[in-house]
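Listed below, chain by chain, are the residues.
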Amino acid sequence: MTQNDAVKSQGSPAGSRVRPLRPRPVVNEDVAFFWEGVRRGELLIQRCTACGQLRHPPRPMCAACQSVEWETLKSTGRGTIKSFVVVHYPEFPGFTCPYAVATVALDEGTCLVAGMVGVEPGAVSIGMKVQVEFVAVEEDLTLPQFRPVG
Ligand code: ZN
């Protein structure tokens, strides 16, 4: 069954246009802590306990010292846009163009890629101060996204 079939089986009238769902994150042992944090409204970042290096996306080994020991840091969710793109085309199932996707440099010192909220895509700029917000983009999908502040 495809995601579209799943939506159709939930009661859409025959022949109506069904909005496809966004792809779901793959949650495995390495990233489960991150998504559990998102469910609680916390942005958790991996920190190597051997050398203190932060890393995102989550992975089993530190690239700086090769240690596999780590803990999590609860981020303030504050950061600065380091780079971004505005997607106009091609349309991707579950997304409405145009939309902005940014690389955010968190104040704690690592980066993550996320969507933007509360700003027109054309108004996003490098250096913009942002704050994480946990957005239910679909009924069963909450994602960390960033909103401009100040
Ligand atoms: Zn390390």
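Remember, predicted model here, so these are calculated numbers, not experimental data. (Residues numbered from 1 in each chain as written. Predicted model: local features only at pLDDT ≥ 70, side-chain atom pairs only at ≥ 80, totals over all residues. Heavy atoms only, no water.)

Trainee: Looking at this model, I keep getting lost on the overall build of the chain. Mind explaining?
Mentor: Scanning the chain from N- to C-terminus turns up 2 helices and 8 strands. Written out in order from the N terminus, the α and β elements of the chain read α-α-β-β-β-β-β-β-β-β. Here the chain, with 150 residues, has 36% of them falling under the buried criterion. The contacts in the chain between residues at least 6 apart in sequence include a share of 50% that link residues at least 24 apart. (Helix = DSSP H or I, 4+ residues; strand = E, 2+ residues; numbered from the N terminus. Buried < 20%, exposed > 50% of the residue type's maximum accessible area, 1.4 Å probe, protein only. Contact = heavy atoms within 4.5 Å.)

Trainee: What's the story with the sheet that holds strand E1 (residues 44-48) in this structure? I'm lost.
Mentor: Remark on secondary structure: sheet strands pair via backbone hydrogen bonds, oriented parallel or antiparallel. Across the sheet, which stays open at both edges, the 3 strands sit in the order E2-E1-E3 with antiparallel pairing between neighbours. Strand pairing shows two members of the sheet lacking a second neighbour, strand E2 (54-55) and strand E3 (70-74), which therefore form its edges. Of the strand pairs in this sheet, E1 and E3 are connected by 5 bridges, and their pairing is antiparallel. Bridging from a neighbouring strand, Arg47 pairs with Glu71 of E3. (Pairing = 2+ DSSP bridges.)

Trainee: It is not clear to me how the side chain of Ser67 should be interpreted in this structure. Could you clarify?
Mentor: Tracing the chain through its elements places Ser67 in the loop between E2 and E3. Ser67 gets classed as buried once you look at its relative accessible area, which sits at 14%. Ser67 has contacts with Cys48, Ala50, Pro60, Met61 and Cys62, leaving out every residue within four places of it along the chain.

Trainee: Quick question: what am I supposed to make of the coordination of the zinc ion here?
Mentor: Where a metal carries four tetrahedral donors, each ideal angle is 109.5 degrees; where it carries six octahedral donors, the ideal angles are 90 or 180 degrees. Binding of the zinc ion to the protein goes through Cys48 (SG), Cys51 (SG), Cys62 (SG) and Cys65 (SG), at separations of 2.3 to 2.4 Å. Metal-centred angles of 102 to 115° between the 4 donor atoms at the zinc ion mark the site as tetrahedral. (Donors = N, O, S within 2.8 Å, 3.2 Å for Na, K, Ca; no water. Tetrahedral: all angles 85-135°; square planar, octahedral: opposite > 155°, others 65-115°.)

Trainee: Would you explain helix H2 (residues 32-40) in this entry?
Mentor: What sets the pattern is the α-helix's 3.6 residues per turn: residues three or four places apart point alike. Turning to H2, its buried residues number three or more, namely Ala32, Phe33, Phe34, Trp35, Gly37 and Val38. Where H2 is buried, its residues touch E1, E3, strand E7 (129-138) and strand E8 (141-148). Downstream of H2 by a residue or two, Gly41 has a phi angle that is positive, lying close to 80°.

Trainee: Hey, could you run me through the pairing of strand E4 (residues 78-87) in this one?
Mentor: Looking along a regular strand, one sees side chains alternate from face to face of the sheet. For E4 and E7, the ladder comprises 3 bridges, and the chain directions are antiparallel. For Arg78, the partnering residue across the bridge sits in E7 and is Gln131.

Trainee: Would you mind going over the nonpolar core with me for this structure?
Mentor: Across soluble globular proteins, you tend to see nonpolar side chains buried next to one another. Leu43, Ile81, Leu106, Leu112, Met116, Val130 and Phe146 are the most contacted members of the largest nonpolar core, which totals 25 residues. Those elements giving two or more residues to this core turn out to be H2, E1, strand E5 (99-106), strand E6 (111-115), E7 and E8. Residues contacting Leu106, with those up to four places away along its chain left out, are Leu43, Ile45, Ser75, Gly77, Arg78, Gly79, Leu112 and Phe146. (Core = buried A, V, L, I, M, F, W, Y, C linked by side-chain atoms within 4.5 Å.)

Trainee: When you look at the sheet that holds E8 in this model, what are you seeing that I'm missing?
Mentor: Strands sit in the order E6-E5-E4-E7-E8 across an open sheet of 5 strands; the sheet is antiparallel. Each edge of the sheet is formed by a strand with only one pairing partner; in this case those strands are E6 and E8. Averaged over all pairs of adjacent strands, the angle between their axes in this sheet comes to 35°, without regard to strand direction. With 8 bridges joining them, E4 and E5 adopt antiparallel strand pairing. Each bridged residue has a counterpart across the sheet, and for Thr80 the counterpart in E5 is Ala105. Its contacts with the sheet put H2 on E7 and E8, and the angle it makes with E8 is roughly 70°. (Axes fitted to C-alpha atoms, helices over the stretch in contact; angles between N-to-C directions.)

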